[in-house]
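Survey of secondary and tertiary structure
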Amino acid sequence: MRGLKDPGLGVRVVLPAAVVTAVVTGTLVVLQLTEANRGAAESVDNYADLLGRTVLDGVHDAMLADDRPRLKAQLKRLARSDYVQRIDILDKAGEVIFSSNPDARGQKIGRDSPSCTGCHAPDQPPATTGRSVRVELSPGGPTVWRLVQPIVAEAACLECHEKAKQGQTIGVLVTDLDAARLTGQQLEGARTLTWALGA
């Protein structure tokens with residue numbers, strides 16, 4: 001019966017080096033994927049902000065003209081995008097006054113909802129710029145990227161919003177984007193790029 005032989009210097013050096021190399025490579029892949037996911041989320045945030053401003057620009061003239069039929073038509077048209085699920089305009093009390101979904105009119109979003117807490121944080125004044133947040137529409141249900149952008153009164157707004165002051169937030173534009181479609185495509189692109197770079 002033969003006994004175990006000494007594996008030799010080559011195996012004693014190569015095997016630990018191979019294990020260390022595998023661990024380091026695996027760690028680098030995980031770190032690169034984590035950074036790619038973070039970059040993809042930031043990209044979605046930037047896309048959401050750009051889309052929110054585009055939607056607001058798209059309905060701006062109809063709001064100033066107090067042309068409600070045109071405003072409703074523009075909201076429906078803007079919501080036809082592949083990624084947009086719904087667009088709402090809320091008053092200061094959080095009530096939906098215009099929506100791309102006709103059944104949404106009159107619904108209220110409370111300040112304690114995830115959509116509002118980013119701007120209405122306790123002990124802080126409300127934010128004056130748009131924010132986006134991932135929101136689960138119902139427990140275990142679909143998730144959306146929700147862009148919440150304040151509608152700030154300009155001089156022309158004061159003709160209808162007589163009690164408001166210029167620069168004051170008079171409403172909120174809420175745009176819901178399909179989170180699964182956006183992040184799925186963008187995260188897949190980030191993963192493909194990471195592997196292509198040789199991670």
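As a starting point, this report considers the structure included with it. Because the structure is a prediction, the values reported are computed rather than measured.

1. With respect to the overall build of the protein
Scanning the protein for helices and strands turns up four helices and five strands. Helices and strands appear in the protein in the N-to-C order α-α-β-β-α-β-β-β-α. Buried residues in the protein amount to 31% of all 199 residues. The contacts in the protein between residues at least 6 apart in sequence include a share of 48% that link residues at least 24 apart. Of the roughly 12700 Å² of accessible surface on the protein, a fraction of 57% belongs to carbon and sulfur atoms.

2. Details of the layout of surface pockets
Here the largest pocket is characterised by a volume of approximately 590 Å³. In terms of lining, the largest pocket is formed by 32 residues, of which the most central are M63, I151, C157, H161 and I170. For the lining of the largest pocket, the leading source of residues is helix 1 (residues 8-64), giving five residues. Partitioning the lining of the largest pocket into residue classes produces 17 nonpolar, nine polar and six charged. Considering only enclosed or pocket space, the second largest pocket measures out at about 410 Å³ in volume. As for the second largest pocket, its lining consists of 23 residues, and the residues nearest its centre are K92, R111, H120, T169 and V172. For the lining of the second largest pocket, the secondary-structure elements that each account for two or more residues are strand 1 (84-91), helix 3 (114-117), strand 4 (143-152) and strand 5 (169-178). Partitioning the lining of the second largest pocket into residue classes produces twelve nonpolar, eight polar and three charged.

3. Overview of the pattern of salt bridges
With the rule as written, the count across this model stands at three salt bridges. For R86, the salt bridge goes to D88, with nearest N and O atoms at 2.9 Å. For the pair shown, R86 and D88 are each scored as buried. Note that D176 is salt-bridged to R146, the shortest N-O span being 2.6 Å. Of the two residues, D176 is situated in strand 5 and R146 in strand 4; the sequence distance between them amounts to 30 residues. Judged on exposure class, the residue D176 and its partner R146 are both buried.

4. Regarding the environment of S100
Assignment of secondary structure puts S100 in the loop between strand 2 (96-99) and helix 3. For S100, a relative accessible area of 14% gives the class buried. Considered as a pair, S100 and R86 are 14 residues apart in the sequence and their alpha carbons are 5.8 Å apart. If near-sequence neighbours (up to four positions away) are discounted, S100 is found in contact with L75, K76, A79, R86, I87 and D88.

5. Looking at the side chain of D88
Among the structural elements, D88 can be located in strand 1. Given the relative accessible area of 3%, D88 is considered buried. A polar contact is formed between the side chain of D88 and the side chain of R86, at a distance of 2.9 Å. Setting aside its immediate chain neighbours within four residues, D88 contacts V96, F98, S99, S100, A104, V172, L173 and V174.

6. Quick word on a nonpolar patch on the surface
A cluster of nonpolar residues, V20, V24, L28 and L31, forms a patch on the protein surface that exposes about 370 Å² of accessible area. Looking at the secondary structure, you find V20 in helix 1.

7. Regarding the nonpolar core
In terms of nonpolar packing, the biggest core is built from 20 residues, with L71, L75, I87, I89 and L173 touching the most fellow members. Listed by contribution, the elements that provide at least two residues to this core are helix 1, helix 2 (68-78), strand 1, strand 4 and strand 5. The element that contributes the greatest number of residues to this core is helix 1, accounting for four residues. Residues contacting I87, with those up to four places away along its chain left out, are V55, L75, L78, A79, F98, S99, S100, L173, V174 and T175. Of all hydrophobic cores here, the second largest spans eight residues; its members include L90, V96, A104 and V174.

How each quantity is defined
- Residues numbered from 1 in each chain as written.
- Predicted model: local features only at pLDDT ≥ 70, side-chain atom pairs only at ≥ 80, totals over all residues.
- Heavy atoms only, no water.
- Helix = DSSP H or I, 4+ residues; strand = E, 2+ residues; numbered from the N terminus.
- Buried < 20%, exposed > 50% of the residue type's maximum accessible area, 1.4 Å probe, protein only.
- Contact = heavy atoms within 4.5 Å.
- Areas by Shrake-Rupley, 256 points an atom, 1.4 Å probe, with all protein chains shown as cover.
- 1 Å grid on protein atoms, 1.4 Å probe; cavity = no way out; pocket = protein on both sides within 12 Å on 5 of 7 lines; lining within 4 Å.
- Points joined across faces, edges and corners; volume = space filled by probe spheres on them.
- Nonpolar A, V, L, I, M, F, W, Y, C, P; charged D, E, K, R; others polar.
- Salt bridge = Lys/Arg side-chain N within 4 Å of Asp/Glu carboxyl O.
- Polar contact = N/O pair within 3.5 Å; in protein donor to acceptor, adjacent residues only side chain to side chain.
- Patch = residues over 30% accessible without salt bridge, like charges linked within 9 Å, V, L, I, M, F, W, Y side chains within 5 Å.
- Core = buried A, V, L, I, M, F, W, Y, C linked by side-chain atoms within 4.5 Å.

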